[in-house]
Amino acid sequence: MRVPMTEYLYIDLSTEQWVCRPCGHNLGDARGSYKEGTLVYDRDPREIHPPIIDPEKYEFTFSPDPAYCRILEYCCPKCGTQMETEYLPPGHPPTIDMIWDIDALRTQWEERGEDPELVVDYGPGENAVTDMRSTHEGHHNHSHR
Amino acid sequence: MTLTTNDTGNPQEILSAQEQQWVDKFMDETTLFLGPDPEIMRNHQIHARTAYEDECISKGISPLEMDRIRKRLAGSLDEAFEMCESMGAAPGAKWADLSVAVYTAEGDVTYLSNRGVIAFSAVLHHPIRYIMKNWKDEPTVGIHPGDGFFHNDSRYGMVHNTDQSMLVPVMRDGQIIAWVGATIHEGENGACEPGGMPSGSETPFDDGLRASPIKIVERGHLRRDLLTFLQHSTRDPKLMLADIKVKMGAVRRVIESVDRIIEEVGQESFVAALRVTVENVEVEVRRRIKELPDGTVTFNQFMDSTLKENILIKFACKITVKGDRLIVDLTGTGPEILNRAINSPLGSTKAFMTQAILSYWWPDLPRSTGALSPIEVISEEHSWADAGYDAPVGQSLQGSFRGFSALQTAYAKLQFSTPKKYSNVIAPWFNQINDFLWGGTTQHGEQVGNLCADLNGMGGGAKAFRDGEDAVAPLFCAMADIAEQEVMEEEVPFLQLVSKRLVRDNQGFGKYRGGMGYEMIVASRGTPNWGFMTVTSGSKFSSITGMFGGYGCPTYPLSIVKGINIYDIIRKDPSQFDLSIERIMNEQPYEGGSYQSAHMGLQFDVAKEGELYMISQGSGGGYGDVLERDPEMVATDLQLDRISAQVATDLYAVVWNPETFVVDVQGTKDARAEARKRRIARGTPFREFIKDFVTEEPPADLLYYGSWGQDNDEEVFATHWGGQEPQRVKGKLSEIPLVMIPDRRVLKIEAQDKRIRELEAKYGETVLHKS
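Cut-offs and rules
- Residues numbered from 1 in each chain as written.
- Chains lettered and ligands numbered in written order.
- Predicted model: local features only at pLDDT ≥ 70, side-chain atom pairs only at ≥ 80, totals over all residues.
- Helix = DSSP H or I, 4+ residues; strand = E, 2+ residues; numbered from the N terminus.
- Buried ≥ 20, exposed ≤ 12 C-beta atoms within 10 Å, placed from the backbone.
- Contact = placed C-beta atoms within 7 Å.
- Rg over C-alpha atoms; globule rule 2.2 N^0.38 Å.
- Pairing = 2+ DSSP bridges.
- Axes fitted to C-alpha atoms, helices over the stretch in contact; angles between N-to-C directions.
- Parallel < 35°, antiparallel > 145°, perpendicular 65-115°, else oblique.
- Nonpolar A, V, L, I, M, F, W, Y, C, P; charged D, E, K, R; others polar.
- UniProt positions renumbered as here; feature names shortened; annotations may be inferred.
- Expected span 1.5 Å × (residues − 1).
- pLDDT = per-residue confidence, 0-100.

Now for the overall build of chain B. When helices and strands are counted, chain B shows 20 helices and 26 strands. For chain B, the spread of C-alpha atoms along the three principal axes comes to 85 × 75 × 60 Å. Here chain B holds 771 residues, and 55% of them are scored as buried. Across chain B, the fraction of contacts at a sequence separation of at least 24, relative to all contacts at a separation of at least 6, is 73%.

Our focus in this paragraph is the overall build of chain A. Counting its regular elements, chain A contains three helices and eight strands. Reading chain A from its N end, one meets helices and strands in the order β-β-β-β-β-α-β-β-β-α-α. A compact globule built from 145 residues would reach a C-alpha radius of gyration of about 15 Å, whereas chain A, at 19 Å, exceeds it by more than 25%. Each principal axis of the C-alpha atoms in chain A carries an extent, and together these give about 60 × 35 × 25 Å. Looking at chain A as a whole, 45% of its 145 residues qualify as buried. Contacts in chain A between residues at least 24 apart in sequence constitute 39% of all its contacts with a sequence separation of at least 6.

Moving on: unusual backbone geometry. Residue and element names in this part refer to chain B. One non-glycine residue, Asp505, lies in the positive phi region at around 70 degrees. Looking at the secondary structure, you find Asp505 in the loop between strand E16 (494-502) and strand E17 (518-524). Overall, Asp505 belongs to the buried group, with 24 C-beta atoms counted inside 10 Å. One non-glycine residue, Phe661, lies in the positive phi region at around 60 degrees. With respect to the helices and strands, Phe661 occurs in the loop between helix H17 (645-650) and helix H18 (665-682). Classification of Phe661 by C-beta neighbours within 10 Å gives partly exposed; the count is 14.

This paragraph deals with the pairing of strand E1 (residues 2-6) of chain A. Residues and elements named next belong to chain A. Taken across its five residues, E1 has five buried, putting it largely inside the fold. Bridging between E1 and strand E2 (residues 9-12) involves four bridges; their strand directions are antiparallel. By the bridge assignment for E2, Thr6 is matched with Leu9. In textbook terms, the turn of a hairpin is the stretch between consecutive antiparallel strands, and for E1 and E2 this stretch comprises two residues.

We now examine the sheet that holds strand E6 (residues 70-75) of chain A. Spatially, E7(A)-E6(A)-E5(A)-E23(B) is the arrangement adopted by the four strands of the open sheet, whose pairing is antiparallel. Sheet topology places strand E7 (82-88) of chain A together with strand E23 (684-685) of chain B at the edges, where each strand pairs with a single neighbour.

All names here are of chain B. Strand order in this open sheet of five strands is E16-E17-E22-E19-E20, and the pairing throughout is antiparallel. The open sheet terminates on both sides in strands that have one partner only, identified here as E16 and strand E20 (594-598). Neighbour to neighbour, the strand axes of the sheet diverge by 15 degrees on average, direction disregarded. Relative to strand E22 (residues 612-616), strand E19 (residues 558-562) runs antiparallel, the two sharing three bridges. For Val561, the partnering residue across the bridge sits in E22 and is Leu612.

A few words now on the packing of helix H5 (residues 63-87) of chain B against helix H10 (residues 267-291) of chain B. Residues and elements named next belong to chain B. Orientation of H5 relative to H10, taken along the N-to-C sense of each, is 85 degrees, at an axis distance of 10 Å. Here H10 runs roughly perpendicular to H5, going by the angle between their axes. Facing H5, whose interface residues are Glu65, Met66, Ile69 and Arg70, H10 presents Ser269, Phe270, Ala273, Val276 and Thr277. Split by residue class, the contact of H5 with H10 holds five nonpolar, two polar and two charged.

Right, let's talk about the UniProt feature "domain: Hydantoinase B/oxoprolinase" (unreviewed entry) in chain B for a bit. Within the UniProt annotation, "domain: Hydantoinase B/oxoprolinase" (unreviewed entry) is assigned to residues 69-625 of chain B. Between the C-alpha atoms that bound residues 69-625 of chain B the distance is 48 Å, and the span itself is 27% helix and 22% strand.

A separate point is the interface of chain A and chain B. As a measure of interface size, the accessible area lost when the parts come together is often cited. At the junction of the two partners, chain A supplies 67 residues and chain B supplies 73 residues. Residue assignment for the side of chain A that touches chain B shows that the elements contributing at least two residues are E1, strand E5 (39-43), E7, strand E8 (98-100), helix H2 (102-112) and helix H3 (116-119) of chain A. Top contributing element to the side of chain A that touches chain B by residue count: E7(A), with five residues. Note: E5(A) against E23(B), two bridges, orientation antiparallel. In the sheet register, Leu39(A) faces E23(B), and the bridge partner there is Pro685(B).

Right, let's get into the packing of helix H9 (residues 237-265) of chain B against H10(B). Residues and elements named next belong to chain B. It is at 6 Å that the axes of H9 and H10 come closest, and there the two elements cross at 115 degrees. Each of Ile261, Ile262 and Val265 in H9 lies in contact with H10, whose residues at this interface are Gln267, Ser269 and Phe270. A breakdown of the residues in the contact of H9 with H10 according to their chemical character gives four nonpolar, two polar and no charged.

Let's shift gears to the pairing of strand E26 (residues 727-732) of chain B. Residue and element names in this part refer to chain B. When strand E25 (residues 715-720) meets E26, the two strands line up antiparallel, connected through six bridges. Note that in E26 the partner of Phe717 across the bridge is Lys730. Taking the residues between adjacent antiparallel strands as the criterion, E25 and E26 are bridged by six residues.

This next bit is on the environment of Ile184(B). Residue and element names in this part refer to chain B. Position of Ile184 among the secondary structure elements: in strand E5 (residues 175-185). Residue classification places Ile184 among the buried residues on the basis of 28 C-beta atoms within 10 Å. Distance from Ile184 to Gln617, taken between C-alpha atoms, is 23 Å for residues 433 residues apart in sequence.

This paragraph deals with the environment of Pro116(A). Of note, Pro116(A) is situated in helix H3. The spacing of Pro116(A) and Asp101(A) is 15 residues in sequence and 17 Å in space, taken between C-alpha atoms. Contacts of Pro116(A), omitting those with residues within four sequence positions, involve Met1(A), Arg2(A), Val3(A), Pro4(A), Trp109(A) and Ser417(B).

A separate point is helix H2 (residues 17-29) of chain B. The first and last C-alpha atoms of H2(B) sit 18 Å apart over 13 residues, in line with the 18 Å expected at 1.5 Å per residue. The element H2(B) is largely exposed, with a buried count of zero among its 13 residues.

Should the pLDDT be low somewhere, the predicted coordinates at that spot are not to be read in detail. Residues and elements named next belong to chain B. Predicted confidence across chain B gives a mean pLDDT of 94, with 98% of residues reaching 70 or more. Within the model, pLDDT remains below 50 along residues 1-6, and this stretch shows nine contacts once partners closer than five positions in the same chain are excluded. Confidence estimates for the predicted assembly give a pTM of 0.95 and an ipTM of 0.96.

Right, dumping it as structure tokens:
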């Protein structure tokens, strides 16, 4: 049973692994952080948020200051999907953003008796209905209910 | 209090009941000062059910009858809300920055008006608890039918000090059975700068009016002595009088409805309905927490300004779910700064956590104190999110809005796997008050101080299935208004020369992008005395992030052109009326102008006629990988000039025909495949990455406050000025020295003095320096 935990991550309860939703790549122990299985890049924030006023003339330009702020980009080593970004001061340890109780998650879904890939969507409203089955297995995001 | 044998010094001596009564009476009568009460102020749980409530509930009330009472109350509160909105003198009132509520006898919010600021549902039980504890049985005060209590100081429970309340008891046979209250963001409050939200306050006394709960209306009559005192304490006496009357009128209207409801259903059913609603919300919140997966989601924020200088201060937050418990732990958050305005009382921080819960987690729940009640909050007093009594809190929204973002952002991860959701999966909402505050003498000769409605134009976060909405609503009020600028210009002496024009590339990029913010360019006109302020952080470090691979907002500068009069310029040459921040700052078209960019903490700055002040509203966060964005949506944004060609190419990897904006489908597919390959090539495996990236301590030249990482959140770093030079200290929050930051102008002069002496030595000049 695979539980969609974010836009790009499953937890596979049978293997207890984090899995990339777009490509099925295993990213490591689901009792730990999925970040362990990712590739990380330390991005100069000015490359993402370009200056709108001239950085030659001004200190404050609409671009974050790289001495204050870095953007860590986390991607799947197999398919290159960018699954998370993190805005951090330079040198600050990356945040372990999610740690889940896998035993409790298993019990929760056993009690629900449903396939999480078929019942999880984005919330209320018809636009929020989605297909959480993995796209790499030939499913595409369209309504199945 | 109860004395123990140790206190009396004689282990054999135990006070008799009569003696203890004398001691208690003595202590009551000689209390020096009834300040904020930690027992009240640190408690956000609903009050225990009283014996009378228990009696009312035990007599039985049908769900249908309860539903009828709730709906009647909701209708009445919405009517009262509209009264405040239509008649309120405060600009904030006209744009929905207010709320009207019904409370239980002990002060728990049962129901809040549907429109307005939800955060009030988690903070106004504090002043009512204070009134019940201290004034109910106090012979010089007491509580009687027709009384109304006023307060504004957030140390006694308020969103922030610029809001003012009117809390009125509903009484039957001398007993309080409920309260009705109206609260409005009034703006001006007599602080060191006009407008009620001073970015420059350096002591709690700079924050302005410090009204603890006082009885301003006595048995239906407004007390002129206290009213005069309140008017005299602020810059806008007319506003004070008008809105006290407006709030009282709105509250009276709700009480009339309450009277009719009680006539129809009886007092006991009414009291039971109030109490059961609060309890039901609490029970339902616990049930919903249980639907979430057990685990911990951590989200840290870094704020880059004291509003006087750039620093980095952390707002740490770990949210743990275990069964039906949800624990919010703020340990690791940076210390309060004792001479800066950014600190927030814990009650205000919690109020904005509730704002996230009731508008972004479970918007279908009644807005009740029951919503936050079952949630546990771990926080140590004297952090900047949990300010002590001696810390200024003039711009406490800096801290409290981070409380909102902590819960709003984390919830996407907390709720993603749940099959039943009550709100959509969404990226962070913009969380700053990118807005002009203003003050001075109007064209009508009146003294005023307040703010523009543009703070209500925050960009919305992208949803998992669509772009965020542009300039849609502030995080604190879903149905607020950004007002008609032309109407405002009839009352205040400045023009918005550019208003509500979107700024290109001001987006949180993603598969779905955040809602965009617009630019505002203002200049004063026809006034002997005017000035502007800004009260925002996020000029060096983006104030919100993206979600699941999307990016956050950019950073926002304040741009100013001094030494020109734009009205003279465009009068002589109308073609110069082509204004945008980008053009003016990059081309510097006005001769003789001084062009400056700065962070967005501007203390009250005297604005001469025609000098330009320019800012941009912020963007919501983006959702998902930029390379998954529909290329047609990228082309549309390009065509509308919402993004630059650089962003379309470098971030979205879209190939298009610049003449026709037609997407090259295959070219885009190839470019994106290449972009993915480049990501894989430049990325470093996590373990290797942290070896290179992570440092033991914050960079030496950053003025950093808070924990570093999350392994040891109890140890916080701070920068301390014990002597002339800043010094890095670390330790537990309770152990590090008090943090006060020297005046930046003094530091600048010292640095310049040092340089002068270096140059004098270098060139052999002998100058006698007298001190």
